[in-house]
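Structural features, examined
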Number of protein chains: 4
Amino acid sequence: MLRAFKRAYLSLVKFLEASINLISDSELDSLANLLESVYREGRKVFVVGVGRSGLVGRAFAMRLMHLGFSAYVVGETITPSARAGDVLIAISGSGRSAAVVATAEVAKSLGMKVVALTSYPDSPLAKLADMVITIPGRTKVSQEDRWEVRQLLGLHEPLAPLGTQFELVSQVVLDSMISELMYRLGIDEEDMKEQHANVEA
Amino acid sequence: MLRAFKRAYLSLVKFLEASINLISDSELDSLANLLESVYREGRKVFVVGVGRSGLVGRAFAMRLMHLGFSAYVVGETITPSARAGDVLIAISGSGRSAAVVATAEVAKSLGMKVVALTSYPDSPLAKLADMVITIPGRTKVSQEDRWEVRQLLGLHEPLAPLGTQFELVSQVVLDSMISELMYRLGIDEEDMKEQHANVEA
Amino acid sequence: MLRAFKRAYLSLVKFLEASINLISDSELDSLANLLESVYREGRKVFVVGVGRSGLVGRAFAMRLMHLGFSAYVVGETITPSARAGDVLIAISGSGRSAAVVATAEVAKSLGMKVVALTSYPDSPLAKLADMVITIPGRTKVSQEDRWEVRQLLGLHEPLAPLGTQFELVSQVVLDSMISELMYRLGIDEEDMKEQHANVEA
Amino acid sequence: MLRAFKRAYLSLVKFLEASINLISDSELDSLANLLESVYREGRKVFVVGVGRSGLVGRAFAMRLMHLGFSAYVVGETITPSARAGDVLIAISGSGRSAAVVATAEVAKSLGMKVVALTSYPDSPLAKLADMVITIPGRTKVSQEDRWEVRQLLGLHEPLAPLGTQFELVSQVVLDSMISELMYRLGIDEEDMKEQHANVEA
């Protein structure tokens, strides 16, 4: 018999639902504008993250590629050189992953635009970023000075461990950003299928 | 100004919320039982998937490792040999990804237990699996003979492209399975932190 | 005190040295011609291999990218769709890796040119390939009907396990192919540095 | 007609051949002793490197796994937590790759033993390592103060670009270390086949 599954599932859905009201429209609009101009000007987008945040980044990069972006993942085999004006999307719940911060520093030194997805707008990553998308995460919500957020969410005991909430909200935010870009760029699903990998075996 | 972002975000949340009632409790309970016994008997779990489904699988494997499982990803550098009784979790929305089906066939020939996460219980992958977790996906919902599902979801026009819904529901199902296993195995977040990679730089 | 290190090292060097005379000049020339035309016509190159053969393929793809090719690795995040006329380089010592053969079959069905690097010109992979580069490997050398090769190499007991020799010869062949392409395309090391990833942190 | 292929191939073989006399026996013996004790005491080995050096590290980690080591690759999905006494093998020709140096620093702070493979014994990476294996590389050879090495190699014009020589010598050194460990630990190829991944599809 399932013991914790449903409570966990529903609390994740609830967390997702509440999060939309905690994310700044103007931050999201800035990101959409940036990506739209990157696409129209043929600049490149790189994503970086460690652990599960890195997987969220890869999922986003894959969809950007389906949209026709020149998108790449830092650390994979096929990652070309970046130039001033290219964009780095750096994902770290804590904003303190050493490898992500180091990559963001290199990106800044090359004149790239750095976008941080993090729960901590005061973190080292957020401080050096040109643009910050503040994503609600469990750690954030459980901070005492944010008890109103916790109450809003009706969460008494967080069930999902570690950074699960941050990663999930980031995933849905980035997937929704893909829909926004489809709308703005006039790209439909058929166009995307044509870019989809077809030699996966 | 954001055009499609919020509608996309809310439709994904709605899809997630409706999906919980479309997934079989007994399928989920069987999976929890299988994983519990695998853990207690020290057997191995392998995950496989291509594209974004593969990323969902990796995110699950990482959390299984945090729980203390011997979990591996097919195709990564460190993937040991499998033996009869080990488990393969194969993720494919269509149930037709050639590489995933081929891996499942090899697994069966080794005497492994194959668990399929797919939207199609009649697909080649599902047919050769020992256990199927049927996951609602966009394609499924849009089938004519499932119009009641579409109505239930209140979806008039799907906004997220390709397999996004399948991948998202799979992710939340597998994350909730982690909570279920934490409960059953008496593992808390502090235990998991001790297994978490600490040399990511 | 080192016991087997030097014998192993020297036998690998000897194997490499002898192998150059066992690889067909005309096969190598055909590959160089194919890659030269792919470059000039802006077609794409994909590489595929499992295990250590896959790592050899990635190392080659990375250098092709440094040369300015549109090169990709099957199974990585950023792998676009392939079209007729694009090239798949499939690496498998035995020519029997199920995933590699399956990928090559998909490639053929798309009208791609398939190049096989294998020790077995009669293998399933070689049979469906448009072009085969036959690479000496340990297994091949140890076959009874190739005792002359073994004698030529002066190898009495192979020290390196499994596919090590195949992988090493493949690596040096592909690295030398990069030099050949630099010469033919008039690309020098400075040009390549400009393509080299610079946001690795 | 092949233009540069054979010269490149033979110069790589020559470089490999000459390199064995430039690598310190006592450094290699120390590494073999360390790995032997790690194996016997069940400690873990992690490898790290960026770009093609990272691929060399993965190929080594895979063979260590075949030998029965608990070996892992920093940055892959399944990378457990490290403890004091575990070993990090860090590969960087220049000894200056920011991500590799950062990882080595983290490893030191955890009480891990850091082994550096680099061409530069004065580099930041080598300085913080507990053990350095100095590997000849193109850059090193071409330094003016090492003209005797260049002469020894008979190299007038290096044909292979970027770090190719460093990567190749590192690969053969680490493959020969595998043979050394097979000898010391009494492991044969049949034992290794049993550990080899068998669900690659």
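Fair warning: this is a prediction, and the values are worked out from it, not measured in the lab.

Here we look at the overall build of chain A
Helix and strand counts for chain A stand at nine helices and five strands. In chain A, the order of α-helices and β-strands from amino to carboxyl end is α-α-β-α-β-β-α-β-α-β-α-α-α-α. The buried share among the 201 residues of chain A stands at 64%. The contacts of chain A with a sequence gap of at least 6 include a subset with a gap of at least 24, amounting to 72%. Here chain A has roughly 7300 Å² of accessible surface; of this, 48% comes from carbon and sulfur atoms.

Some details on the relation of the copies chain C and chain D
After a rotation of 180 degrees and a shift along the axis of 0.0 Å, chain C superposes on chain D with an RMSD of 0.0 Å. In short, the pair behaves as if placed about a two-fold rotation axis. Across chain C, the smallest distance between a C-alpha and the rotation axis is recorded for L55 of chain C, namely 3.0 Å.

Topic: the packing of helix α2 (residues 25-40) of chain A against helix α8 (residues 164-185) of chain A
Residue and element names in this part refer to chain A. Relative to each other, α2 and α8 sit at 55 degrees, their axes nearing to 10 Å. In terms of orientation, α2 and α8 fall into the oblique class. For α2 against α8, the interelement crossing comes out right-handed. Within the contact between the two elements, α2 uses L28, D29, L31, A32, N33, L35, E36, Y39 and R40 and α8 uses V173, M177, E180, L181, R184 and L185. Looking at the contact of α2 with α8 residue by residue, the classes come out as nine nonpolar, one polar and five charged.

Regarding the sheet that holds strand β3 (residues 87-91) of chain C
Residues and elements named next belong to chain C. Across the sheet, which stays open at both edges, the five strands sit in the order β2-β1-β3-β4-β5 with parallel pairing between neighbours. Pairing within the sheet leaves two strands with one partner each, and these edge strands are β2 (70-73) and β5 (131-134). Put simply, the sheet's adjacent strands are angled 20 degrees from each other on average, direction ignored. Here strand β1 (residues 44-48) pairs with β2 via four bridges, running parallel. Bridge assignment links V47 to a residue of β2, and that residue is V73. Contacting β1, β2 and β3, helix α3 (residues 51-67) runs over the sheet at an angle of about 160 degrees to β2.

Structural notes on the interface of chain A and chain C
Frequently, the measure chosen for interface size is the accessible area that the parts lose on association. With 32 residues of chain A at the interface, the matching set in chain C holds 32 residues. In total, about 2500 Å² of surface goes out of reach between chain A and chain C, with carbon and sulfur atoms giving 63% of it. Summed over the shared surface of chain A and chain C, the result is zero salt bridges. For the pair chain A and chain C, the number of links is eight residue pairs in polar contact (both at pLDDT 80 or more).

Some thoughts on the pattern of salt bridges
Close approach of charged atoms allows side chains with opposite charge to pair. Residue and element names in this part refer to chain A. Taken as a whole, this structure holds 48 salt bridges over all chains when the rule is applied. Residue E36 is joined to R40 by a salt bridge in which the shortest nitrogen-to-oxygen separation is 3.2 Å. Of the two residues, E36 and R40 are both situated in helix α2; the distance of four residues between them amounts to about one turn of the helix.

With respect to the packing of aromatic side chains
All names here are of chain A. Inspection of every chain in the model, using the stated rule, returns twelve aromatic pairs over all chains. The interplanar angle of 40 degrees and the centroid separation of 5.8 Å between the aromatic rings of F46 and Y72 together place this pair among those described as tilted. Of this pair, F46 sits in strand β1 (residues 44-48) while Y72 sits in strand β2 (residues 70-73), and the two are 26 residues apart along the sequence. The exposure class of F46 is buried, given its relative accessible area of 0%. Judged by its relative accessible area of 12%, Y72 falls in the buried class.

Regarding the interface of chain C and chain D
Contacts between the two partners involve 59 residues from chain C, matched on the other side by 60 residues from chain D. With both sides pooled, the region where chain C packs onto chain D buries about 5300 Å², and carbon together with sulfur makes up 67% of that total. Linking chain C with chain D are six salt bridges, by the criterion used here. One salt bridge connects D25 of chain C with K6 of chain D, and the closest N-O pair in it is separated by 3.1 Å. In this assembly, chain C and chain D are joined by 24 residue pairs in polar contact (both at pLDDT 80 or more). Breaking the side of chain C that touches chain D down by element, the ones donating at least two residues are α1 (5-19), α2 (25-40), α3, α4 (98-109), α8 (164-185) and α9 (189-195) of chain C.

Here we look at the confidence of the model for chain A
Residues and elements named next belong to chain A. The pLDDT averaged across chain A works out to 89; a share of 89% of its residues lies at or above 70. With pLDDT under 50 throughout, residues 140-158 is counted as low confidence; its partners more than four residues away or in other chains account for 23 contacts. The ipTM, which scores confidence in the relative placement of chains, is 0.91 for this predicted complex, and the corresponding pTM is 0.92.

Digging into the relation of the copies chain A and chain C
Take chain A, turn it by 180 degrees, move it 0.0 Å along the axis, and it overlays chain C with an RMSD of 0.0 Å. Of the interface residues in chain A, 100% have counterparts in chain C that sit at the interface too, so the contact is made through matching surfaces.

Looking at the sheet that holds strand β4 (residues 113-118) of chain D
All names here are of chain D. Taken in spatial order, the five strands of this open sheet run β2-β1-β3-β4-β5, and their pairing is parallel. Each of the sheet's edge strands pairs with one partner strand only, and the pair in question is β2 (70-73) and β5 (131-134). Averaged over all pairs of adjacent strands, the angle between strand axes in this sheet comes to 20 degrees, irrespective of strand direction. Inspection of the sheet shows strand β1 (residues 44-49) paired to strand β3 (residues 87-91) by five bridges, in the parallel sense. Its bridge partner lying in β3, G49 is registered against I91. Against the sheet, helix α2 (residues 25-40) contacts β1, β3, β4 and β5, and its axis sits at roughly 130 degrees relative to β5.

Remarks on the pairing of β1 of chain C
Residues and elements named next belong to chain C. Among the five residues of β1, five are classified as buried, and the element is accordingly described as predominantly covered. Burial along β1 is two-sided: K44, F46 and V48 and V45 and V47, pointing in opposite directions, are all buried. As a crossover connection, the stretch from β1 through α3 into β2 is right-handed. Bridging between β1 and β3 involves four bridges; their strand directions are parallel. Residue pairing for β3: F46 is matched across the bridge by L88.

Examining α2 of chain C
Residue and element names in this part refer to chain C. Here α2 contains 16 residues, and its C-alpha end-to-end distance of 22 Å stays within 8% of the 22 Å for a straight helix at 1.5 Å per residue. Within the sequence span of α2, burial applies to L28, D29, L31, A32, L34, L35, E36 and V38. Backbone geometry just downstream of α2 places G42 in the positive-phi region, at approximately 65 degrees.

A word on the packing of α1 of chain C against helix α1 (residues 5-19) of chain D
Contact pair α1 of chain C / α1 of chain D: the axes reach a minimum separation of 10 Å and the direction vectors enclose 165 degrees. Between α1 of chain C and α1 of chain D, the crossing angle belongs to the class labelled roughly antiparallel. Both α1 of chain C and α1 of chain D take part in a crossing whose hand is left-handed. Along its contact with α1 of chain C, which presents Y9, V13, L16, E17 and S19 of chain C, the element α1 of chain D presents Y9, V13, L16, E17 and S19 of chain D.

Looking at the side chain of D29 of chain B
Within the fold, D29 of chain B resides in helix α2 (residues 25-40). Judged by its relative accessible area of 18%, D29 of chain B falls in the buried class. Here R184 of chain B takes part through its side chain, which lies 2.9 Å from a polar atom of the side chain of D29 of chain B. Not counting chain neighbours up to four residues away, the residues in contact with D29 of chain B comprise M1 and L2 of chain A together with R184 of chain B.

Description of the environment of K113 of chain C
All names here are of chain C. Mapped onto the secondary structure, K113 falls in strand β4 (residues 113-118). Residue K113 is classed as partly exposed on the basis of its relative accessible area of 40%. Sequence spacing of K113 and S37 is 76 residues, and the spatial spacing of their C-alpha atoms is 12 Å. Not counting residues within four places of it along the chain, the set of residues in contact with K113 comprises D86, V87, L88 and D130.

Calculation notes
Residues numbered from 1 in each chain as written. Chains lettered and ligands numbered in written order. Predicted model: local features only at pLDDT ≥ 70, side-chain atom pairs only at ≥ 80, totals over all residues. Heavy atoms only, no water. Helix = DSSP H or I, 4+ residues; strand = E, 2+ residues; numbered from the N terminus. Buried < 20%, exposed > 50% of the residue type's maximum accessible area, 1.4 Å probe, protein only. Contact = heavy atoms within 4.5 Å. Areas by Shrake-Rupley, 256 points an atom, 1.4 Å probe, with all protein chains shown as cover. Least-squares fit on C-alpha atoms with pLDDT ≥ 70 in both. Axes fitted to C-alpha atoms, helices over the stretch in contact; angles between N-to-C directions. Parallel < 35°, antiparallel > 145°, perpendicular 65-115°, else oblique. Left-handed = near helix turned anticlockwise from the far one by under 90°. Nonpolar A, V, L, I, M, F, W, Y, C, P; charged D, E, K, R; others polar. Pairing = 2+ DSSP bridges. Buried area = accessible area lost by both parts, 1.4 Å probe. Salt bridge = Lys/Arg side-chain N within 4 Å of Asp/Glu carboxyl O. Polar contact = N/O pair within 3.5 Å; in protein donor to acceptor, adjacent residues only side chain to side chain. Phe/Tyr/Trp six-rings, centres within 6.5 Å; stacked < 30°, edge-to-face > 60°. pLDDT = per-residue confidence, 0-100. Right-handed = clockwise from strand over helix to strand, strands pointing away. Expected span 1.5 Å × (residues − 1).

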